[in-house]
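Coordinate inspection notes
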Amino acid sequence: MGNRLSQIATRTGDDGTTGLGDNTRVPKDHLRVQAMGDVDELNSSIGVLLCEPMPAAVRELLIDVQHQLFNLGGELSMPGYTLLKPEALLQLDNALADHNATLPRLAEFILPAGTRGASLAHVCRTVARRAERAVVALGATEEINDTLRRYLNRLSDLLFVLARVLNRVDGGDDVYWKSERMARAAAESESKEPNA
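Everything numeric in this text was worked out from a predicted model, so none of it was measured. (Residues numbered from 1 in each chain as written. Predicted model: local features only at pLDDT ≥ 70, side-chain atom pairs only at ≥ 80, totals over all residues. Heavy atoms only, no water.)

On to the side chain of Arg 32. Here Arg 32 lies in helix H1 (residues 31-49). Looking at Arg 32, its side chain comes within polar contact range of the side chain of Glu 142, at 2.7 Å. (Helix = DSSP H or I, 4+ residues; strand = E, 2+ residues; numbered from the N terminus. Polar contact = N/O pair within 3.5 Å; in protein donor to acceptor, adjacent residues only side chain to side chain.)

With that settled, the discussion passes to the pattern of salt bridges. A complete count under the given rule lists 11 salt bridges for this structure. A salt bridge links Asp 93 to Arg 154; the nearest nitrogen and oxygen atoms lie 2.9 Å apart. You can see Asp 93 sitting in helix H3 (residues 86-100) and its partner Arg 154 sitting in helix H5 (residues 146-167), a full 61 residues away along the chain. Residue Glu 132 is joined to Arg 129 by a salt bridge in which the shortest nitrogen-to-oxygen separation is 3.0 Å. Separated by three residues within a single helix, Glu 132 and Arg 129 lie in helix H4 (residues 116-139), roughly one turn from each other. In the salt-bridge network here, residues are joined through shared partners; they are Arg 164, Arg 168, Asp 173 and Asp 174. (Salt bridge = Lys/Arg side-chain N within 4 Å of Asp/Glu carboxyl O.)

The subject of this paragraph is the packing of H1 against H4. Relative placement of two packed helices is described by the angle separating their axes and the distance separating the axes. As a packed pair, H1 and H4 sit with axes 8 Å apart at the nearest point and diverge in direction by 165°. Overall, the two elements H1 and H4 adopt an arrangement that is roughly antiparallel. Here H1 runs over H4; the crossing is left-handed. Residue-level contacts link Leu 31, Arg 32, Gln 34, Ala 35, Asp 38, Val 39, Glu 41, Leu 42, Ser 45, Ile 46, Val 48 and Leu 49 of H1 to Gly 117, Leu 120, Ala 121, Cys 124, Val 127, Ala 128, Arg 130, Ala 131, Ala 134, Val 135, Ala 137 and Leu 138 of H4. Classifying every residue of the contact of H1 with H4 by side-chain character gives 17 nonpolar, three polar and four charged. (Axes fitted to C-alpha atoms, helices over the stretch in contact; angles between N-to-C directions. Parallel < 35°, antiparallel > 145°, perpendicular 65-115°, else oblique. Left-handed = near helix turned anticlockwise from the far one by under 90°. Contact = heavy atoms within 4.5 Å. Nonpolar A, V, L, I, M, F, W, Y, C, P; charged D, E, K, R; others polar.)

Now the structure itself:
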């Protein structure tokens, strides 16, 4: 494992390269560095989300996710090294099942809106999807641990579910897309109802 940072302004990146954890240097636009940056942005976005009020169980879960994302980013920075364990996927699967069980089924698409916390969870979800795409792109050119891609995919699903949970903290609801098709179906249904 590479040395921990003891100095931040090293100026070694002034030439457009950056050092990986195995002490190799690559261009800053390398697919591996792009994936690392997207994962870092996701972790930072979750940090902002954690500034919002939320149930203790959701907070604890997101804090652990931040640690797992640090492992994921560390693994990206050290080719051939494994830090993210399969148990991290199981934690996401269990959390998805637990939180989904408390939510009503969706009959329509929802907008990334509602409370500030829910909206920030949706921002995190979109960053997770971008990080996943970056990891997929890297995996198409280099061999990487399959758990990384699977973790980001599962995490984006969880963040969608947590946005719905956060919209309901104070009795709120999802913000539904105003679908023309659904509006027509509702109007047709009302017109077929017998007069009272």
